[in-house]
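Fold and geometry: a report
Here are the chains, one letter per residue:
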Amino acid sequence: MGEGQLNYCAGIASALVRDGHKAIVAVTERWKGRLSAHGIQELVLPKGDDESPQPDVKTIAKYMVKAGKIGPKSALDKAAMKGAGGTDRIDAVKRLDQQIAQLLPEIAPDVIVFDQFMSLPSVMRSGIPYVWACGNGTLTLVDDDRAPPPSSGLSAFGDKKLWKEFYEVKRNTTLEPWKQFNAYVVSKGCQPLPKFHFIETTDCLILYAFPLELDYLDIRPLPKNYIRFDNFMRKDIQLKFEIPVPLRDRPGKLVYFSLGSMGAADVDNMKRLVNILSKSKHRFIVSKGPLHDEYSL
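Residues numbered from 1 in each chain as written. Predicted model: local features only at pLDDT ≥ 70, side-chain atom pairs only at ≥ 80, totals over all residues. Heavy atoms only, no water.

Regarding the domain arrangement of the protein chain
Heads up, the rule is: Just so you know, the domain bounds were taken from an automatic or database domain assignment. By definition in these notes, contact holds between two residues if any of their heavy atoms fall within 4.5 Å. For this document, the term salt bridge refers to a Lys or Arg side-chain nitrogen within 4 Å of an Asp or Glu carboxyl oxygen. We define a polar contact as two N or O atoms separated by no more than 3.5 Å, with the added condition that, inside protein, one atom must be a possible hydrogen donor and the other a possible acceptor, whereas residues neighbouring each other in sequence contribute only through side-chain atom pairs. Working definition: helices are DSSP H or I runs of at least four residues, strands are E runs of at least two. Numbering for both runs from the N terminus. Three categories are distinguished: nonpolar for Ala, Val, Leu, Ile, Met, Phe, Trp, Tyr, Cys and Pro, charged for Asp, Glu, Lys and Arg, and polar for the others, with Gly belonging to the last.
Taken domain by domain, the protein chain comprises domain 1 (3–229) and domain 2 (245–286). Taken together, the nine residues of domain 1 in the interface contact five residues of domain 2. At the boundary of domain 1 and domain 2, one finds zero salt bridges. Between the two partners, domain 1 and domain 2, sit zero residue pairs in polar contact (both at pLDDT 80 or more). At five residues, the largest contribution of residues to the side of domain 1 that touches domain 2 is made by helix H2 (residues 57–66). Along the lines of polarity and charge, the residues of the side of domain 1 that touches domain 2 split into seven nonpolar, two polar and no charged.

This is how it looks when you write it as structure tokens:
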């Protein structure tokens, strides 16, 4: 679970707690104590004997930049790299699936909410209603040729030949990892997954957060089991925010600027963007990202 996933899961869980429900969130040791302050019960997952220590966020960021997953490479080049590391992700999901299978009888939940991008056979075969909470971009929800490919950066009104080229590259790099994971799902007694898909969504409710103005509902309406929210923001009663003094009395609109958990790891790009923002008449609070100590505002 990453920082972004933790935040939106906390938003969903805290809303359930406010409505009088009991919410239990399974977390790794790394996030222990982060949710209990919000009245959310934590269940710390045991670490497997063969499980490597999770690297810190700076190490992950530098690896993604060095590998070309973040940085100036084209979206098409990045799509061609997506297959790399697929086996590691599948192994991690298998470990999680085994842990969840052991925990479900003990917890006996009325509903399961999970945020994985791969199906969990332990959940699918549990007989318990389940919800997939998706905090990723809306285009990742369904593979629909009426909309531009996810992570492509291609326009909804652009050249569809480019769409097709991107889809073909992405599906080619996804095929082998998909075969491996599909074989695992079938071995656990589940129905085969749709080709190129790592999750089956027909039997569950899907919650996703995305601004309506930026969604693609006018191009490809989603099935009825999809519910959109503007955000999964939690309400931090303890957290007090004040506009920093250097910005407080300056003119112009106040803008919060963020490229998410890892986008800002491209330090050269952040320097360029900060230089552009510095010429604006408006004020900016910038989320500097995991390599925040490598550049200044």
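Some details on the sheet that holds strand E4 (residues 130–134)
Our working rule: Note: two strands are recorded as paired if DSSP finds a minimum of 2 bridges between them. Angular values range over 0 to 180 degrees, each being the angle between N-to-C directions of two axes fitted as lines to C-alpha atoms, with helices fitted over their stretch in contact.
Spatial ordering of the open sheet is given by E3-E4-E5-E6, a layout of four strands whose pairing is parallel. Here the strands that pair on one side only, and so sit at the sheet edges, are strand E3 (112–114) and strand E6 (226–229). Going across the sheet, the axis of each strand differs from the next one's by a mean of 20°, ignoring polarity. Sheet topology places E4 next to strand E5 (residues 205–209); four bridges connect them, and they run parallel. Residue pairing across strands places Trp132 opposite Ile206, the latter belonging to E5.

Quick notes on helix H6 (residues 160–187)
Here is the rule we go by: An expected span of 1.5 Å times one less than the residue number is assigned to each helix.
Spanning 28 residues, H6 covers 38 Å between terminal C-alpha atoms, matching the ideal 40 Å at 1.5 Å per step. The N-cap residue of H6 is Asp159: its side-chain oxygen and the backbone nitrogen of Lys161 are 2.9 Å apart. Of the residues flanking the end of H6, it is Gly189, one or two places downstream, whose phi is positive at about 90°.

Notes on unusual backbone geometry
The line we're drawing: We call a residue buried when its accessible area falls under 20% of the maximum for its residue type, exposed when it is over 50%, and partly exposed in between, using a 1.4 Å probe and counting protein chains only.
Positioned with a positive phi, Ala108 is a non-glycine residue whose angle comes to about 50°. Relative to the helices and strands, Ala108 is located in the loop between helix H4 (86–107) and E3. We classify Ala108 as exposed; its relative accessible area is 53%. Phi is positive for Ser151, close to 70°, though the residue is something other than glycine. Structurally, the position occupied by Ser151 is in the loop between E4 and H6.

Quick word on the packing of aromatic side chains
Aromatic rings considered in pairs are described by the distance between their centres and by the relative angle of their planes. Spelled out, the test is: Working definition: rings of Phe, Tyr and Trp (its six-membered ring) pair if their centres are within 6.5 Å, and the pair is stacked with planes under 30 degrees apart, edge-to-face with planes over 60 apart, and tilted otherwise. Whether a charge lies above a ring is judged from NZ of Lys or CZ of Arg, which has to be within 6 Å of the ring centre and within 35 degrees of the ring normal.
Overall, the coordinates contain three aromatic pairs when judged by the stated rule. Ring centres of Phe181 and Tyr184 lie 6.2 Å apart, and the angle between their planes is 35°; on these two criteria the pair is classed as tilted. Here Tyr184 and Phe181 lie together in helix H6, a separation of three residues that amounts to about one turn. Pair check on accessibility: Phe181 and Tyr184 agree, each one buried. Each ring, one from Phe181 and one from Phe198, has its centre 6.1 Å from the other, and the planes form 35°; the classification is tilted. One end of the pair, Phe181, is in helix H6; the other, Phe198, is in the loop between H6 and E5, with 17 residues separating them in the sequence. Each member of the pair, Phe181 as well as Phe198, carries the same accessibility label: buried. The rings of Phe181, Tyr184 and Phe198 are connected pair by pair, giving a single aromatic cluster. The ring of Tyr295 has Lys288 lying over it, and the distance from NZ or CZ to the ring centre is 4.9 Å.

Structural notes on the environment of His282
Note on placement: His282 falls in the loop between helix H8 (267–277) and strand E8 (283–286). For the pair His282 and Gly252, spaced 30 residues apart in sequence, the C-alpha separation works out to 4.2 Å. With residues near it in sequence (within four places) discarded, His282 still touches Gly252 and Lys253. There is a polar contact of 2.9 Å between the side chain of His282 and the backbone nitrogen of Lys253.

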